[in-house]
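# Overview (structure and organization)
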Amino acid sequence: MAAQSKTPVRTEKGAIETTRSSGAEVDAFLTRVKSMTPTTVSGRGRLIFAMDATMSRQPAWDLALKLQADMFRAVKEVGGLDVQLVYFRGLSETRASPWVGDPEALARLMARVACEGGFTQMRKVLTHARRESKKAKVNAVVYVGDCIEEDIDELCGRAGELALLGVPMFLFQEGREPRAERAFKEIARLTRGAYCHFDAGSARQLRELLAAVAVYATGGRKALQDYGAATKSGAAVRLLEQLS
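Thresholds applied
- Residues numbered from 1 in each chain as written.
- Predicted model: local features only at pLDDT ≥ 70, side-chain atom pairs only at ≥ 80, totals over all residues.
- Heavy atoms only, no water.
- Helix = DSSP H or I, 4+ residues; strand = E, 2+ residues; numbered from the N terminus.
- Buried < 20%, exposed > 50% of the residue type's maximum accessible area, 1.4 Å probe, protein only.
- Areas by Shrake-Rupley, 256 points an atom, 1.4 Å probe, with all protein chains shown as cover.
- Pairing = 2+ DSSP bridges.
- Salt bridge = Lys/Arg side-chain N within 4 Å of Asp/Glu carboxyl O.
- Axes fitted to C-alpha atoms, helices over the stretch in contact; angles between N-to-C directions.
- Parallel < 35°, antiparallel > 145°, perpendicular 65-115°, else oblique.
- Left-handed = near helix turned anticlockwise from the far one by under 90°.
- Contact = heavy atoms within 4.5 Å.
- Nonpolar A, V, L, I, M, F, W, Y, C, P; charged D, E, K, R; others polar.
- Arc of directions from axis to C-beta.
- Core = buried A, V, L, I, M, F, W, Y, C linked by side-chain atoms within 4.5 Å.
- Phe/Tyr/Trp six-rings, centres within 6.5 Å; stacked < 30°, edge-to-face > 60°.

### Considerations on the overall build of the chain
Broken down by element type, the chain carries nine helices and seven strands. The burial tally for the chain puts 56% of its 244 residues in the buried class. Accessible surface, the chain: about 10,300 Å² in total, of which carbon and sulfur atoms supply 52%.

Shown next as structure tokens:
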């Protein structure tokens, strides 16, 4: 088992088979974002970036580490973005970082975390997100994982509590494990968020989706539409023009 991270983070007690996404799934994801009620943002957007850091997740963790800077770059014309990293690993470890406002700080936090064997702890993530949103508005929660080993009804109950606070969850599933897919889709529905598959071969796709959520968290639907109009090349144009 890998040594535990020495990253300066606080522990939140009690709260905290791969297939490629089809174009239709991404279209549906972006359509869902478009249909959401715009977030009212005052100042900087606040986004919780939650990840499963159990042993099998190391490749996805490394991918997210490479892509996270794109979230900050995407919102430069809209405003600022503060991100809090939340992760779980091992048998009972769930940690939340301080809120950070630049990609270098988030990269340093992520680079010091080693994935460890263990079980999912999404219940703690949902509880932590609710607690943080009660302190100050959280505009979106991104969750990256591949499976669920917890009671889905209990998770949905906690997601409902988060929904009452107006916090949408955007869930990205690596692979198509059926039980996790059902749970992620239901949590997305309850929180008025969205859900999409990804795999290690879809880095560009995941990059665009993360950027879209970051822009939404910072400026709402109008900002996301403006961002799509300003994008000039590649996959970003093809994905974001669907929101025009």
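### So, the pairing of strand β3 (residues 81-89)
Of all nine residues that make up β3, nine are buried, and the element is covered over most of its length. Of the strand pairs in this sheet, strand β2 (residues 45-52) and β3 are connected by eight bridges, and their pairing is parallel. Across the sheet, Ala50 pairs through a bridge with Val86, a residue of β3. When β3 meets strand β4 (residues 93-96), the two strands line up antiparallel, connected through four bridges. In the sheet register, Arg89 faces β4, and the bridge partner there is Glu93. Where β3 folds back onto β4 in an antiparallel hairpin, the turn is made up of three residues, including Gly90, whose phi is positive at roughly 65 degrees.

### A few points about unusual backbone geometry
The phi dihedral of Arg192 is positive, around 60 degrees, even though this residue is not glycine. In this fold, Arg192 is placed in the loop between α7 (178-190) and β7 (194-198).

### Brief notes about the pattern of salt bridges
A side chain of one charge can pair with a side chain of the opposite charge if their charged atoms are brought near each other. Overall, the coordinates contain 14 salt bridges when judged by the stated rule. Among the ionic pairs, Arg95 bridges to Glu93, the shortest N-O distance being 2.5 Å. Accessibility expressed as a relative area gives 17% for Arg95, which makes it buried. Between Glu186 and Arg189 there is a salt bridge, and its shortest N-O distance comes to 2.6 Å. Of the two residues, Glu186 and Arg189 both sit in helix α7, three residues apart, roughly one turn of that helix. Exposure remark for Arg189: the relative accessible area of 51% places this residue in the exposed category. Because the salt bridges share partners, they merge into one network encompassing Arg89, Glu93, Arg95 and Glu116.

### Points about the packing of helix α2 (residues 58-67) against helix α4 (residues 103-111)
Between α2 and α4, the shortest axis-to-axis distance is 9 Å and the interhelical angle comes to 165 degrees. In terms of their interaxial angle, α2 and α4 are classed as roughly antiparallel. The interaxial crossing formed by α2 with α4 has left-handed handedness. For the pair formed by α2 and α4, the contact residues are Trp61, Ala64 and Leu65 on the first element and Ala107, Met110 and Ala111 on the second. Considering only residue class, the contact of α2 with α4 consists of six nonpolar, no polar and no charged.

### Brief notes about α2
Turning to α2, its buried residues number three or more, namely Ala60, Trp61, Leu63, Ala64 and Leu67. For α2, the buried positions fall inside an angular range of 160 degrees around the axis, keeping them on one side. Opposite the packed face of α2, turned more than 90 degrees from it, sit the exposed residues Pro59 and Lys66.

### Section: the side chain of Arg89
In this structure, Arg89 sits in strand β3. Relative accessible area serves as the criterion here: at 0%, Arg89 is assigned to the buried category.

### Structural notes on the nonpolar core
If you look at soluble globular proteins, the nonpolar side chains tend to sit buried side by side. Within the largest apolar cluster, 45 residues are counted, with the highest numbers of intra-cluster contacts made by Phe49, Trp61, Val142 and Phe172. Top element by residues in this core is helix α8 (residues 203-230). It accounts for 13 residues. Look past the residues within four positions of Trp61 in its chain and what remains in contact with it is Met51, Ala53, Leu85, Tyr87, Met110, Val113 and Cys115. By size, the runner-up hydrophobic cluster in this structure holds 27 residues, among which are Val125, Tyr143, Leu171 and Phe184.

### Some points on the packing of aromatic side chains
Going through the model one piece at a time under the given rule, you end up with four aromatic pairs. Pairing Trp61 with Tyr87 gives two aromatic rings, centres 5.8 Å apart and planes at 85 degrees, and the pair type is edge-to-face. One end of the pair, Trp61, is in helix α2; the other, Tyr87, is in strand β3, and 26 residues separate them in sequence. Given a relative accessible area of 1%, Trp61 falls into the buried group. For the pair Tyr143 and Phe184, a centre-to-centre distance of 5.6 Å together with 70 degrees between the ring planes defines the contact as edge-to-face. Within this pair, whereas Tyr143 is found in strand β5 (residues 140-145), its partner Phe184 is found in helix α7, the two being separated by 41 residues in sequence.

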